[in-house]
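What the coordinates show
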Amino acid sequence: MAIWVKYSLAVLPLLPCLLLFLAIKNNEFKEKIYVLMILSLIGYLLVDRLVPIISQYTLKRGLCGKDLGKKGTINESVDVPEALGIVSGIVFLVCAILSSVVYFSNTSHQQMIFNSALFSICFMIFLGFTDDTLDLQWRYKLILPLTASIPLLTSYSGETAVLIPAQLRFILWNDSTKMLTTLGSVIDTIFTVDTNAEGKIIELGPFFFLYMSLLSVFCTNSINILAGVNGLECGQAYIIAVSILFFKLYDIYISSDHTNVCGDNQLFAIIMILPFIATSLGLLRHNWYPAKVFVGDTYCYFAGMTFAVIGIHGHFSKTLLLLFLPQIFNFLYSIPQLFKVIPCPRHRLPHINVTTRLMSASTFECKASDYQYFKSKRGDVSCPNYTLICLILQVFGPMYEETLTTVLLGVQVTSTIIAFCIRYYLLHE
Ligand code: UD1
Ligand code: MG
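Residues numbered from 1 in each chain as written. Chains lettered and ligands numbered in written order. Predicted model: local features only at pLDDT ≥ 70, side-chain atom pairs only at ≥ 80, totals over all residues. Heavy atoms only, no water.

Before going further, it helps to spend a moment on the overall build of the protein. On a plain count of helices and strands, the protein comes out with 16 helices and twelve strands. In terms of overall size, the protein behaves like a compact globule, its C-alpha atoms giving a radius of gyration of 23 Å where 429 residues would be expected to give roughly 22 Å. With the C-alpha coordinates of the protein rotated into their principal frame, the extents come out at 65 × 55 × 35 Å. Counting only residues that meet the buried cut, the protein has 51% of its 429 residues in that class. (Helix = DSSP H or I, 4+ residues; strand = E, 2+ residues; numbered from the N terminus. Rg over C-alpha atoms; globule rule 2.2 N^0.38 Å. Buried < 20%, exposed > 50% of the residue type's maximum accessible area, 1.4 Å probe, protein only.)

What follows is the structure in structure tokens.
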């Protein structure tokens, strides 16, 4: 891919955000954002500069991996520095702390929110780096985000109820009898369905905290398992982050009083997401095909926890899930392998044809009589890996690695457009 195409593709997702930003009339808000943009730009330049330097250190310490997509080339045996997510993570923390000092920490409540958010992210970066150095087992990878989400949960002081979109209210509330439906009554035995609000509100109580901690586990792990081709981990997080920025700017743009006032929740989300976008872009430049560095689990955990924190303290965790549609699909589709119904090899990334350089869906070997229901043809001696990446290769046929990453990021962009239509036009409260 020509270099100018790569750069254009990278900045393209930011254009709608820029247009929206220019259309916002609140000048006080805009001045804040200009300063945050300059800080983020410095963050981008720092990551871009530091990644090649720090990668030499990680290489020296043996923190590296082989690029499995380069089999059959002279790069097959080259050690690629691993865990460079640590650079974007640390630069992000510095930028976020500076931004918050300038704009967010005016009251002790705001300070508490911000400190707990940064504590959870910092904890997760540390645990991700630990995973990259110690190569933890899957069960620990699931537990770690739970621990890291504790500071986040203890400082949460928002609602513990969920609003049911108007179009779905009929599931819980019967308008003609003015009573709960059978399903509504069943749900009411576990949670509290607000009958005064005619099924509009479900009070989750302590279950909301369980939901928030599971959200942290999901966000961190779902990015980590949609991985294996150059630029994918970092690229998907970059698209999700730009989507969050777009949603928040759109919220401010459509705010009813025409003065485009920015609330605390929105400001918090924007302060967090701008440096994240910048530091991810700086890392993506080095991780894009052919990858000079790997981002490692450090980056996946850092990105996932940042999204969870923004979703929870920004009070839009349901909308956040809509931005994770490819990751939700990949997780559900992976369940047979994640829960060991069928074997899950250490790596499920696509198979590379060493002659054509095309990637195709990967498989694992098994007996002809095993796992019949999971095979494309009965009696095969191999079974496909259940990942979104492999599914796309099965549907569209073999692709070059760079094309595959671009297609997968295209799916991520499409899912943002779908999420936008669902959030603002299909379902409203
Ligand atoms: C997750 C996936 C695994 C996938 C791996 C790739 C599940 C359950 N686990 O495991 O299937 O193979 O991510 O990241 O779905 N690598 C490349 N090219 C890349 C990125 C990574 O070859 O573009 C290889 C390198 O050898 C690198 C290694 O993957 O060293 C990193 O794997 P790691 O992140 O430790 O794997 P997991 O997150 O455990
Ligand atoms: Mg990983």
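Moving on, we get to helix α10 (residues 232-253). Between the first and last C-alpha of α10 there are 31 Å, a value that for 22 residues agrees with the 32 Å anticipated at 1.5 Å per step. Most of α10 is tucked away, with 20 of its 22 residues classed as buried. (Expected span 1.5 Å × (residues − 1).)

Coordination of the magnesium ion (ligand 2) by the protein comes from Asn 224 (OD1) and Asp 297 (OD), over a distance range of 2.0 to 2.1 Å. Pair noted here: Asn 224 is in helix α9 (residues 206-225) and Asp 297 is in helix α12 (residues 296-313), with a separation of 73 residues, a long-range link. With respect to class, Asn 224 is no different from Asp 297; both count as buried. (Donors = N, O, S within 2.8 Å, 3.2 Å for Na, K, Ca; no water.)

Ranked by internal contacts, the top residues of the largest apolar core, which has 111 residues, are Met 272, Phe 276 and Phe 307. If near-sequence neighbours (up to four positions away) are discounted, Phe 307 is found in contact with Ile 223, Ala 237, Ile 240, Ala 241, Ile 244, Ile 273, Phe 276, Leu 320 and Phe 324. Residues Ile 342, Phe 364, Cys 366 and Cys 383 belong to the second largest nonpolar core, which totals five residues. (Core = buried A, V, L, I, M, F, W, Y, C linked by side-chain atoms within 4.5 Å. Contact = heavy atoms within 4.5 Å.)

Relative to the helices and strands, Ser 88 is located in helix α4 (residues 85-103). Reaching out from Ser 88, the side chain makes a polar contact with the backbone oxygen of Gly 85 at a distance of 3.2 Å. Setting aside chain neighbours within four positions, we find Ser 88 in contact with Val 47, Thr 279, Leu 283, Tyr 299 and Phe 302. (Polar contact = N/O pair within 3.5 Å; in protein donor to acceptor, adjacent residues only side chain to side chain.)

Scanning the entire structure with this criterion turns up 29 aromatic pairs. With a centroid separation of 6.1 Å and 80° between ring planes, the pair formed by Tyr 156 and Phe 209 is classed as edge-to-face. Here Phe 209 lies in helix α9 and Tyr 156 lies in the loop between α7 (150-154) and β3 (161-163), a separation of 53 residues in the sequence. Measuring from ring centre to ring centre gives 5.1 Å for Tyr 333 and Tyr 386, while their planes differ by 50°; the resulting arrangement is tilted. Taken together, the positions of Tyr 333 in helix α14 (residues 325-338) and Tyr 386 in the loop between β11 (382-384) and α15 (388-396) put the pair 53 residues apart, joining distant regions of the chain. On the accessibility criterion, Tyr 333 (21% relative accessible area) is partly exposed. (Phe/Tyr/Trp six-rings, centres within 6.5 Å; stacked < 30°, edge-to-face > 60°.)

Right, let's talk about the environment of Phe 331 for a bit. Here Phe 331 shows up in helix α14. Expressed as a C-alpha distance, the spacing of Phe 331 and Leu 226, which sit 105 residues apart in the sequence, is 8.4 Å. Apart from the residues lying within four places of it in its own chain, the contact partners of Phe 331 are Phe 218, Ile 225, Leu 338 and Phe 339.

Going through the model one piece at a time under the given rule, you end up with ten salt bridges. When the shortest N-O distance is used, the salt bridge between Asp 67 and Lys 70 registers 3.0 Å. You can call Asp 67 buried: its relative accessible area is 6%. As a salt-bridge pair, Asp 251 and Lys 248 come within 3.7 Å of each other at their nearest N and O atoms. Linking Asp 251 with Lys 248, this pair stays in helix α10, spanning three residues, or about one helical turn. On the basis of relative accessibility, which here comes to 4%, the residue Lys 248 falls in the buried class. A single salt-bridge network, built from bridges that share partners, covers Asp 67, Lys 70 and Glu 401. (Salt bridge = Lys/Arg side-chain N within 4 Å of Asp/Glu carboxyl O.)

With antiparallel pairing, the three strands of this open sheet are ordered in space as β8-β9-β12. For this open sheet the edge positions go to β8 (351-352) and β12 (399-400), each flanked by a neighbour on one side alone. Two strands pair when backbone bridges link them, and strand β9 (residues 358-360) and β12 are joined in this way by two bridges, in the antiparallel orientation. Across the sheet, the residue bridging to Met 359 is Met 399, located in β12. (Pairing = 2+ DSSP bridges.)

A few words on the environment of Ser 382. Take Ser 382: it is sitting in strand β11. Placed eleven residues apart in sequence, Ser 382 and Tyr 371 show a C-alpha to C-alpha distance of 9.5 Å. Those residues in contact with Ser 382, other than ones at most four positions away along the chain, are Thr 363, Phe 364, Glu 365, Cys 366 and Lys 375.

This next bit is on unusual backbone geometry. Omega for the peptide link from Tyr 289 to Pro 290 comes to -15°, which places this bond in the cis form. Within the secondary structure, Pro 290 sits in the loop between α11 (264-287) and α12. The phi dihedral of Asp 135 is positive, around 55°, even though this residue is not glycine. Topologically, Asp 135 is positioned in the loop between α5 (108-134) and α6 (138-148).

Attention shifts here to the site of ligand 1. Close to ligand 1 lie 21 residues; Lys 66, Leu 68, Glu 82, Asn 224 and His 347 are nearest. At 3.5 Å, a backbone N or O of Val 229 approaches an oxygen atom of ligand 1. Arg 348 is positioned such that a nitrogen or oxygen atom in its backbone is 2.8 Å from an oxygen atom of ligand 1. Counting only elements with at least two residues in the shell around ligand 1, the list comes to β1 (64-66), α6 and α9. For the shell around ligand 1, the residue count by class is eight nonpolar, five polar and eight charged. (Near = heavy atom within 4 Å. Nonpolar A, V, L, I, M, F, W, Y, C, P; charged D, E, K, R; others polar.)

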